[in-house]
2 protein chains.
Amino acid sequence: MIESSWNSWFAEREETHLAELFDFLRIPSVSALPDHRSDVRRAANWIADRMRQAGIPDVEVLETGGHPLVIGHWQVDLAKPTAMIYAHYDVQPPDPLDLWESPPFEPEIRDGKIYARGSGDDKAGLLATILAVEAMAARDGQPPINLVFFFEGEEEISSPSVAPYLRENASKVKADFVISADGMMLDENTPALTISTKGIAGCEIVLTTASTDMHSGLYGASVRNAAQAMAELVASFHDDAGRVAVKGFYNQVNDPTDREREELDRVPFDAERYFGAVGVSDLWGEPGFYPLERLWLRPTLDINGMWSGFQGSGSKTVTPSEARVKITCRLVPDQVPADILDRLEDHARANCPPGATLKFIGREGSALPYAIDREHPALLAAEETLRDLFGSDPAIIRVGGTIPIAQDFKQELDADLIFFAWSLPDCNAHAPNEWFRLEDFRVATVSTCEYLERLGRA
Amino acid sequence: MIESSWNSWFAEREETHLAELFDFLRIPSVSALPDHRSDVRRAANWIADRMRQAGIPDVEVLETGGHPLVIGHWQVDLAKPTAMIYAHYDVQPPDPLDLWESPPFEPEIRDGKIYARGSGDDKAGLLATILAVEAMAARDGQPPINLVFFFEGEEEISSPSVAPYLRENASKVKADFVISADGMMLDENTPALTISTKGIAGCEIVLTTASTDMHSGLYGASVRNAAQAMAELVASFHDDAGRVAVKGFYNQVNDPTDREREELDRVPFDAERYFGAVGVSDLWGEPGFYPLERLWLRPTLDINGMWSGFQGSGSKTVTPSEARVKITCRLVPDQVPADILDRLEDHARANCPPGATLKFIGREGSALPYAIDREHPALLAAEETLRDLFGSDPAIIRVGGTIPIAQDFKQELDADLIFFAWSLPDCNAHAPNEWFRLEDFRVATVSTCEYLERLGRA
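Residues numbered from 1 in each chain as written. Chains lettered and ligands numbered in written order. Predicted model: local features only at pLDDT ≥ 70, side-chain atom pairs only at ≥ 80, totals over all residues. Heavy atoms only, no water.

Draft legend 1. Quick peek at the packing of aromatic side chains. Residues and elements named next belong to chain A. Counted according to the given criterion, the structure contains 28 aromatic pairs over all chains. Taking the centre distance of 5.0 Å and the plane angle of 85 degrees together, the rings of Tyr-274 and Phe-275 count as edge-to-face. Here the aromatic residues Tyr-86, Phe-150, Tyr-165 and Phe-409 are joined through ring pairs into a cluster of three or more. One residue, Lys-123, lies across the ring of Phe-24, its end atom 4.9 Å from the ring centre. Geometry around Tyr-250 places Arg-243 over its ring, the cationic atom sitting 4.3 Å from the centre. (Phe/Tyr/Trp six-rings, centres within 6.5 Å; stacked < 30°, edge-to-face > 60°. Lys NZ or Arg CZ within 6 Å of the ring centre and 35° of its normal.)

Draft legend 2. Just the side chain of Ser-4 of chain B, in detail. All names here are of chain B. Secondary-structure assignment places Ser-4 in the segment before helix 1 (7–12). We classify Ser-4 as buried; its relative accessible area is 14%. Among the polar contacts listed, one links the side chain of Ser-4 to the backbone nitrogen of Trp-6, at a separation of 2.9 Å. Polar contacts involving the side chain of Ser-4 include one to the side chain of Glu-450, which spans 2.5 Å. Excluding its chain neighbours within four sequence positions, the residues that come into contact with Ser-4 are Leu-389, Val-446 and Glu-450. (Helix = DSSP H or I, 4+ residues; strand = E, 2+ residues; numbered from the N terminus. Buried < 20%, exposed > 50% of the residue type's maximum accessible area, 1.4 Å probe, protein only. Polar contact = N/O pair within 3.5 Å; in protein donor to acceptor, adjacent residues only side chain to side chain. Contact = heavy atoms within 4.5 Å.)

Draft legend 3. Highlighting the packing of helix 5 (residues 162–169) of chain B against helix 13 (residues 404–413) of chain B. Residue and element names in this part refer to chain B. At a minimum axis separation of 9 Å, helix 5 and helix 13 run at an interaxial angle of 15 degrees. Looking at the two axes, helix 5 sits roughly parallel to helix 13. The element helix 5 and its partner helix 13 pack so that their crossing is right-handed. On helix 13, the residues touching Val-162, Ala-163, Leu-166 and Arg-167 of helix 5 are Ile-405, Asp-408, Phe-409, Glu-412 and Leu-413. The residue makeup of the contact of helix 5 with helix 13, split by class, is 6 nonpolar, no polar and 3 charged. (Axes fitted to C-alpha atoms, helices over the stretch in contact; angles between N-to-C directions. Parallel < 35°, antiparallel > 145°, perpendicular 65-115°, else oblique. Left-handed = near helix turned anticlockwise from the far one by under 90°. Nonpolar A, V, L, I, M, F, W, Y, C, P; charged D, E, K, R; others polar.)

Draft legend 4. Structural context of the pairing of strand 11 (residues 300–309) of chain A. Taken across its 10 residues, strand 11 of chain A has 9 buried, putting it largely inside the fold. Inspection of the sheet shows strand 11 of chain A paired to strand 13 (residues 322–331) of chain A by 8 bridges, in the antiparallel sense. Paired with Ser-308 of chain A across the two strands is Ala-323 of chain A, which belongs to strand 13 of chain A. Strand direction decides the pairing type here: strand 11 of chain A and strand 11 (residues 300–309) of chain B, joined by 5 bridges, are antiparallel. Each residue of the ladder has a partner; that of Trp-307 of chain A, found in strand 11 of chain B, is Trp-307 of chain B. (Pairing = 2+ DSSP bridges.)

Draft legend 5. Molecular detail of the relation of the copies chain B and chain A. Structural alignment of chain B on chain A gives an RMSD of 0.6 Å, achieved by rotating through 179 degrees and translating 0.7 Å along the axis. Classification of the inter-copy transformation places it as that of a two-fold axis. A share of 100% of interface residues in chain B that are also interface residues in chain A marks the association as one of identical surfaces. (Least-squares fit on C-alpha atoms with pLDDT ≥ 70 in both.)

Draft legend 6. Geometry of the pattern of salt bridges. Residues and elements named next belong to chain A. All told, the structure shown has 74 salt bridges over all chains when counted by the stated rule. Linking Arg-139 and Asp-140 is a salt bridge whose minimum nitrogen-to-oxygen distance equals 3.0 Å. In this structure Arg-139 comes out as partly exposed when scored by relative accessible area, which is 45%. When its relative accessible area of 43% is taken as the criterion, Asp-140 is described as partly exposed. A salt bridge links Asp-440 to Arg-437; its shortest N-O distance comes to 3.0 Å. Since its relative accessible area comes to 2%, Asp-440 is described here as buried. Counted as one network, the salt bridges with shared partners bring together Arg-259, Glu-263, Arg-374, Glu-375, Glu-383, Arg-387 and Asp-393. (Salt bridge = Lys/Arg side-chain N within 4 Å of Asp/Glu carboxyl O.)

Draft legend 7. Seen up close, the interface of chain B and chain A. Listed per partner, the contact involves 67 residues of chain B and 67 residues of chain A. Contact with chain A buries surface across chain B, with Ser-222, Trp-284 and Met-306 of chain B losing the most and accounting together for 13% of the total. Applying the counting rule to chain B against chain A returns 31 residue pairs in polar contact (both at pLDDT 80 or more). Elements with a contribution of two residues or more to the side of chain B that touches chain A: strand 10 (214–215), helix 6 (216–219), helix 7 (226–235), helix 9 (271–276), helix 10 (291–297), strand 11, strand 12 (318–319) and strand 13 (322–331) of chain B. When residues of the side of chain B that touches chain A are assigned to their parent elements, the largest contribution, 10 residues, is made by strand 11 of chain B. (Buried area = accessible area lost by both parts, 1.4 Å probe.)

Draft legend 8. Structural detail: the domain arrangement of chain A. Residue and element names in this part refer to chain A. By the assigned domains, chain A splits into domain 1 (7–197 + 369–457) and domain 2 (199–253 + 299–362). Centre-to-centre, using C-alpha coordinates, domain 1 lies 40 Å away from domain 2. Contact with domain 1, which involves 6 residues of that partner, is made by 7 residues of domain 2. Of the roughly 480 Å² buried between domain 1 and domain 2 on both sides combined, carbon and sulfur atoms contribute 64%. Counting the contacts that link domain 1 with domain 2 gives 0 salt bridges. Run the count over domain 1 and domain 2 and you get 1 residue pair in polar contact (both at pLDDT 80 or more). (Domains from an automatic or database assignment.)

Draft legend 9. Spatial organisation of the side chain of Thr-385 of chain B. Take Thr-385 of chain B: it is sitting in helix 12 (residues 377–390). Apart from the residues within four sequence positions on either side, Thr-385 of chain B is in contact with Phe-420, Ser-447, Glu-450, Tyr-451 and Arg-454 of chain B.

Draft legend 10. Examining helix 13 (residues 404–413) of chain A more closely. For helix 13 of chain A, the full list of buried residues reads Ile-405, Ala-406, Gln-407, Asp-408, Phe-409 and Leu-413 of chain A. Of the surrounding elements, those touching the buried residues of helix 13 of chain A are strand 3 (82–88), strand 6 (146–152), helix 5 (162–169), strand 7 (177–180), strand 15 (370–371) and strand 17 (416–419) of chain A.

Draft legend 11. Fine view of the sheet that holds strand 13 of chain B. Strand order in the open sheet made by the 8 strands is 14(A)-9(A)-13(A)-11(A)-11(B)-13(B)-9(B)-14(B), with antiparallel pairing throughout. Only two strands of the sheet have a single partner each, and these edge strands are strand 14 (357–362) of chain A together with strand 14 (357–362) of chain B. Pairwise comparison of adjacent strand axes, ignoring direction, gives a mean angle of 20 degrees for this sheet.

Draft legend 12. Quick look at unusual backbone geometry. The omega torsion of the bond from Asp-121 of chain A to Asp-122 of chain A falls at -10 degrees, within 30 degrees of zero and hence cis. Following the sequence through the fold, Asp-122 of chain A ends up in helix 4 (residues 119–140). Cis peptide bonds are those with omega within 30 degrees of zero, and the linkage from Pro-333 of chain B to Asp-334 of chain B qualifies with 5 degrees. Topologically, Asp-334 of chain B is positioned in the loop between strand 13 and helix 11 (337–350). With phi around 60 degrees, Asn-428 of chain A is a residue other than glycine that occupies positive phi space. Among the secondary structure elements, Asn-428 of chain A is positioned in the loop between strand 17 and strand 18 (435–437). Positive phi outside glycine occurs at Asp-111 of chain B, with the angle close to 50 degrees. Residue placement: Asp-111 of chain B occurs in the loop between strand 4 (108–110) and strand 5 (113–115). A relative accessible area of 79% means that Asp-111 of chain B is categorised as exposed.

Draft legend 13. Quick peek at the environment of Trp-74 of chain B. When you line up the elements, Trp-74 of chain B lands in strand 2 (residues 69–74). Separated by 206 residues in sequence, Trp-74 of chain B and Val-280 of chain B have C-alpha atoms that sit 49 Å apart.

Draft legend 14. Structural context of the pairing of strand 16 (residues 395–399) of chain A. Residue and element names in this part refer to chain A. The buried fraction of strand 16 amounts to 4 of the 5 residues, a majority that puts the element mostly inside the structure. Sheet topology note: the strand 8 (residues 192–197)/strand 16 ladder contains 5 bridges and is parallel. What sits directly across from Thr-194, in strand 16, is Ile-397.

Draft legend 15. Examining the environment of Thr-64 of chain A more closely. All names here are of chain A. Looking at the secondary structure, you find Thr-64 in the loop between strand 1 (58–62) and strand 2 (69–74). With 96 residues separating them in the primary sequence, Thr-64 and Pro-160 have C-alpha atoms 9.6 Å apart. When residues no more than four places from it in sequence are discounted, the contact partners of Thr-64 are Leu-69, Glu-154 and Ser-161. A polar atom in the side chain of Thr-64 sits 2.8 Å from the backbone nitrogen of Gly-66. In this structure the side chain of Thr-64 is engaged in a polar contact, spanning 2.7 Å, whose partner is the backbone oxygen of His-67.

Draft legend 16. Representation of the sheet that holds strand 4 of chain B in the model. All names here are of chain B. Taken in spatial order, the 3 strands make up an open sheet running 4-5-18, and their pairing is antiparallel. The sheet terminates laterally at strand 4 and strand 18 (435–437), the two strands that pair on one side only. If you compare each strand with its neighbour and ignore which way they point, the axes differ by 30 degrees on average. In this sheet, strand 18 lies alongside strand 5 in antiparallel orientation, the contact comprising 3 bridges. Each residue of the ladder has a partner; that of Lys-113, found in strand 18, is Arg-437. Against the sheet, helix 2 (residues 14–26) engages strand 4 and strand 5, with an angle of about 30 degrees to strand 5. Running at roughly 45 degrees to strand 18, helix 4 (residues 119–140) makes contact with strand 5 and strand 18 of the sheet.

Written out as structure tokens, the structure is:
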């Protein structure tokens, strides 16, 4: 149990807050499914109402080309910093339904966990920020710093409206930094501060060796087989040791600093458990780095899919004329997606087997890697807040995945993003039986109060 | 126009024979589709009736586990040889229907060609053998040699009932050799005699690197990617020059003899046209051999299909845990399928990337390569018949594909098979708009009469 003067406030109101959270969780705000379009809007309106109830003076539900944005402002003192509070109110589709132990949109508490779609990702976290601001407003009349609330309904469909909105309305949502309520702890006892996420660049490559699939007996002996040509090309992207063999791929990649390695060493990463959970015992990858270094500090080139020819049951003696591969690269500072795509294309063309025609399709949706300055004042304030509350250092972590929203805020508002959030890695986000710990709902509210207060004292 | 005393007989009856062929073609005897089961039987009964009408004294429709066999006997003189006449009365499925210019089961003549599913493969050829025997019986009271008719309804589904039937009933269908009405000419002016067909051996290989597909950002950096592992394995099956790199793969393969090379040289093989038809300009394959040598005399290892991971539209950043490949090898004398499969498995295991688990599934349906003795009397008789009829040597050719039925007759009856048939290579067998030349329907009947008569004089 964390120590805080705010504990009693939230303990007294726990029943009401939980009932509100359940109401919010009952709205099936699935952004990916057109049938739930009105539910997504209902969730937006629900939040806007709750924000107004919390005392936030300036709340709007804004139209976008897709689902609405819920924007709020509470300006208290121009001498104080302005924090944007970011979260999303949309959720993943609940399929497959038959694997849920209780219905996804009928929240249920079992073993101290709230089970519902969106509980961990990230409705509990979102509501906690509103409840925290409400608490401070109730006690002090206002929050300790200026706040901009930015709640989107499209995070689970890659936030298509966020960057365009920010580009056109930067002055309306200007903030010094962003606090994201969407994120994770390291484990039940260890909050985490994420200091970088990887960028991404992807492509699809098509090899064509003939105008039609062919009878292998009539053509196989003398015609380049597209599947085989693709195998050769795909195999060429890494050297035998596991290093990416694309020329210049690592040019912009910085070697880990001593501090980075030290912080990594302090993270209690149980590789056996981590990889054992997916049935992997023999590891692989870029030589010279530990698994956690590879995961957090090193770029990768990943084959996401590869296919050619006959995939049915039984046998079909065909010489395939076309083969396809989908590749994405996870990027680290200071790699640039467009540059990496150019290098991938150069490599593919240089290694394209003779007799095959190559089509290179750079994918939309690339993202720059993101990293926050380790000495960013709002990050240090978060670190100190968590140290005080938990009595030990939070984990300084990174994300092997890509969170484009962080880069959107950086690019459009020049605002860094601090992940201040409470889900656990095994909370079944995006999977059946998603959960959020009951205890962490209180941790989220109390910690947010403490963090905003510390920011106000700075 | 070939010279023959039989020309006038068939010219006089052309309209009737064509009407009968059209009736036969109208029966959609698609062996692969359960919905057409009764149509296949209808075709069998149609043939049996037509055989009886032709005067063949002993005709039966025999049950098998699958579609029926139509068996006929006409024993004329024990001092004469016995030829089996083989063909199939089933056809390929007609899909895709929208590519047909006229409906597949409504025969139509355009530009001297009969368009219909099964016209070229091989209903015209089958019916021609019955019409030829009818003609000889009408003139002479009986055919010039003993005949066994063996018409199956499962050729397009790999003839599963033929070998078992032959194994149990060898004495009932004993013949000195087999004449197949299913086969091809080299081109419009050049009949062909096929002296070898390739064998086949196939397998499917599964590589597994984890118990589930993984998030590429969370696992891609340190877990063996199944697609990539498969690419490495598939690429290992050939060396850079195009030679099969499986140890011992060529051990049983004989170098071409001078006579074989000479006969190959005489075949008017237009590589530019042959490969151009499938959009291929840059050839590939085993070094040291011409394309036709590779096609007819050299074994191959063909990747028929390969797949792993995400194949949908857009992007899915997954690290695949499983990859599959389907491989078949086309074999030449004296390669043995079981031995080749052992060598493939040894190669796959030796080249399986660390961290991947390999499952090797040897496929059913392997077939030995087949070759007829170049001096076989029935082959020489066919050669002489064609030389006389066409005024030039027939092409002595081979088949890069596999015709398991040839090996079935060899194994179970010790009978060699002579392809005596009239389809053209570009007749769209197995494809939309299948055709058979109207002129070749007469060539087929007349040539069969001449051939049987020559066999009778031997």
